[in-house]
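# Structural characterization, general
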Amino acid sequence: MTLVEQDGRSDGDPSRGDAIVDWSAAAQIAGRLARPGPQASRDELADLVEGLRTAAEAAVPHVLDVTRMTPAGGPSNGPTTGLGTVYVVDRARWARANTEIMASLTDGVTDALVGEQGRVPQATALVGAAQVGSVLAVLSSRVLGQFDPYSGLGAPSGGSPGSPGRLVLVAPNVLQVERALDLRPADFRLWVCLHEQTHALQFAAAPWLADHLRGRASALLTELSASSRRLAEARLREKLATVGRAVLHAVRGEDGTFVDGLLTPEEQDRLADVTAVMALLEGHADVAMDAVGPRTVRTVRSIRRKFEARRDGEGRSGFDVVLRRVLGMDAKIAQYRDGAAFVRAVEKEVGRDGFNAVWASPENLPTAREIADARAWVRRVHG
């Protein structure tokens, strides 16, 4: 499938001469390696693009209704949805766009790794580009949609509170899942857009959230990089051995993650809290996309049943299982489920409006412990 970016945007140059990854090269590699997707006629492509745009617009009032959330300052005037601009893209454009996001999030990491007076060798930056580009090319066939709260797919969204971001829908992947699971296209496209527009509303209702997440992630990456630079050679060998063991665990289907043994206890705690926020965002969007019910998405229960079976890996090859583990995709699925369980448990205790206190300030975000113990969050926030 060949599908051009529908809004006439050109790809920016995310490269920095002194970056740990040559981001421009990573974008080119990701774009070249991304597989095109299922075959479709010109008429089918036109219907797909129009159907996704229609679904993105139709999802907004349903999301506002089921979440009982309001964008800061009221709905924006962004084109198409009122929550942000919609882009319908192919896999290559999604992969290239995500190099821009990653480049933004890793600002400052280079100095932490090589020191203020150092410089990243070109060969190192190109190796990093090959690794990042290859991973994004693989992921590009698995992502249905993504909300990016940063303008330019990488910079803070317009610099103003409540400014809309961009909703990116990966058309070939939506089409592929529709066909593979024998889903009603209009229902599935709306269901996907309900999830992504919930993300758009999260950032619109909590205009501090994008900077908060970016700051926490960047600080953690910088800290980890600085720690790595100061490691003694023996410690570095130990960490490399740990990574090797993690790969073996993945290949054998055993428990074990790349994080185990790689971080200090303090770093693990900070990473866990960032992960808890991501679980909240994903779980909340999953709850919202199902909450609309069959009056809005007639086949919602069938879609959820088939989609969960797909997530759990029915009929998946051994290679794909290994790949999912190595890329951390199983952990991502756990985020959806843990976050959704937290949202439902909080709403059972204090109702939907009580849950929405989570968007009031960074202090109200759940910790990693609270994601697993919703009552602890209720006690802390509501007394």
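Structural data are supplied above this passage.
So, here is what we can say about the structure in this document.

Calculation criteria
Residues numbered from 1 in each chain as written. Predicted model: local features only at pLDDT ≥ 70, side-chain atom pairs only at ≥ 80, totals over all residues. Heavy atoms only, no water. Helix = DSSP H or I, 4+ residues; strand = E, 2+ residues; numbered from the N terminus. Buried < 20%, exposed > 50% of the residue type's maximum accessible area, 1.4 Å probe, protein only. Contact = heavy atoms within 4.5 Å. Expected span 1.5 Å × (residues − 1). Core = buried A, V, L, I, M, F, W, Y, C linked by side-chain atoms within 4.5 Å. Salt bridge = Lys/Arg side-chain N within 4 Å of Asp/Glu carboxyl O. Axes fitted to C-alpha atoms, helices over the stretch in contact; angles between N-to-C directions. Parallel < 35°, antiparallel > 145°, perpendicular 65-115°, else oblique. Left-handed = near helix turned anticlockwise from the far one by under 90°. Nonpolar A, V, L, I, M, F, W, Y, C, P; charged D, E, K, R; others polar. Pairing = 2+ DSSP bridges.

The next subject is the overall build of the protein chain. Of the regular secondary structure elements, the protein chain holds 15 helices and 5 strands. The buried share of the protein chain, taken over its 383 residues, is 48%. A separation of at least 24 residues holds for 79% of the contacts in the protein chain among residues at least 6 apart in sequence.

Turning our eyes to something else, we now look at the side chain of His195. With respect to the helices, strands and loops of the structure, His195 is situated in helix α7 (residues 185-205). Among all residues touching His195, those that are not within four sequence positions of it are Glu282, Ala285, Asp286, Met289 and Tyr336.

Compared with an ideal rise of 1.5 Å per residue, which puts 27 residues at 39 Å, helix α10 (residues 265-291) spans 38 Å between its outermost C-alpha atoms and is within 8% of the ideal. The positive-phi residue at the C-terminal boundary of α10 is Gly293, with phi of around 80 degrees.

In terms of residue burial, helix α6 (residues 171-181) counts as a mostly covered element, since 8 of its 11 residues are buried. Among the residues of α6, Ala171, Pro172, Asn173, Val174, Leu175, Val177, Glu178 and Leu181 are the ones counted as buried. Immediately beyond the C-terminal end of α6, within one or two residues, lies Asp182, with a positive phi of roughly 55 degrees.

Of all hydrophobic cores here, the largest spans 64 residues; its most connected members are Phe188, Leu209, Leu280, Phe342 and Trp359. Contact partners of Leu209, with chain neighbours within four places excluded, come to Gln202, Phe203, Val277, Leu281, Trp359 and Leu365.

This next bit is on the pattern of salt bridges. Scanning the entire structure with this criterion turns up 13 salt bridges. Salt-bridge contacts for Arg189 lead to Glu178; the nearest nitrogen and oxygen are separated by 2.6 Å. Of the two residues, Arg189 is situated in helix α7 and Glu178 in helix α6; the sequence distance between them amounts to 11 residues. Each member of the pair Arg189 and Glu178 is classed as buried. The salt bridge partner of Arg304 is Asp286, with a shortest N-O separation of 3.7 Å. With Arg304 in helix α11 (residues 300-312) and Asp286 in helix α10, this residue pair connects regions lying 18 residues apart in the sequence. A single burial state applies to Arg304 and to Asp286, both of which are buried. Linked by salt bridges that have partners in common, Asp286, Asp290, Arg304, Glu308 and Arg337 make up one network.

Next up on the list: the packing of α6 against α7. Relative orientation of the contacting elements α6 and α7 amounts to 130 degrees, with a least axis distance of 10 Å. Accordingly, the angle class assigned to the pair α6 and α7 is oblique. Once α6 is placed against α7, the crossing between them reads as right-handed. Between α6, through Val174, Val177 and Glu178, and α7, the contact on the second element is made entirely by Pro185, Phe188 and Arg189. Along the lines of polarity and charge, the residues of the contact of α6 with α7 split into 4 nonpolar, no polar and 2 charged.

Turning our eyes to something else, we now look at the sheet that holds strand β2 (residues 145-148). Strand order in the open sheet made by the 3 strands is β1-β5-β2, with mixed pairing throughout. Each of the sheet's edge strands pairs with one partner strand only, and the pair in question is β1 (84-89) and β2. The average undirected angle you get between the axes of adjacent strands in this sheet is 20 degrees. With 6 bridges connecting them, β1 and strand β5 (residues 165-170) associate as parallel partners. Bridged to Gly84 within β5 is Gly165. Against the sheet, helix α2 (residues 42-67) contacts β1 and β5, and its axis sits at roughly 155 degrees relative to β1.

Even without being glycine, Arg68 reaches a positive phi, approximately 60 degrees. Structurally, the position occupied by Arg68 is in the loop between α2 and β1. Exposure remark for Arg68: the relative accessible area of 52% places this residue in the exposed category. At Asp182, a residue that is not glycine, the phi angle is positive and equals roughly 55 degrees. Mapped onto the secondary structure, Asp182 falls in the loop between α6 and α7. What makes Asp182 exposed here is its relative accessible area of 62%.

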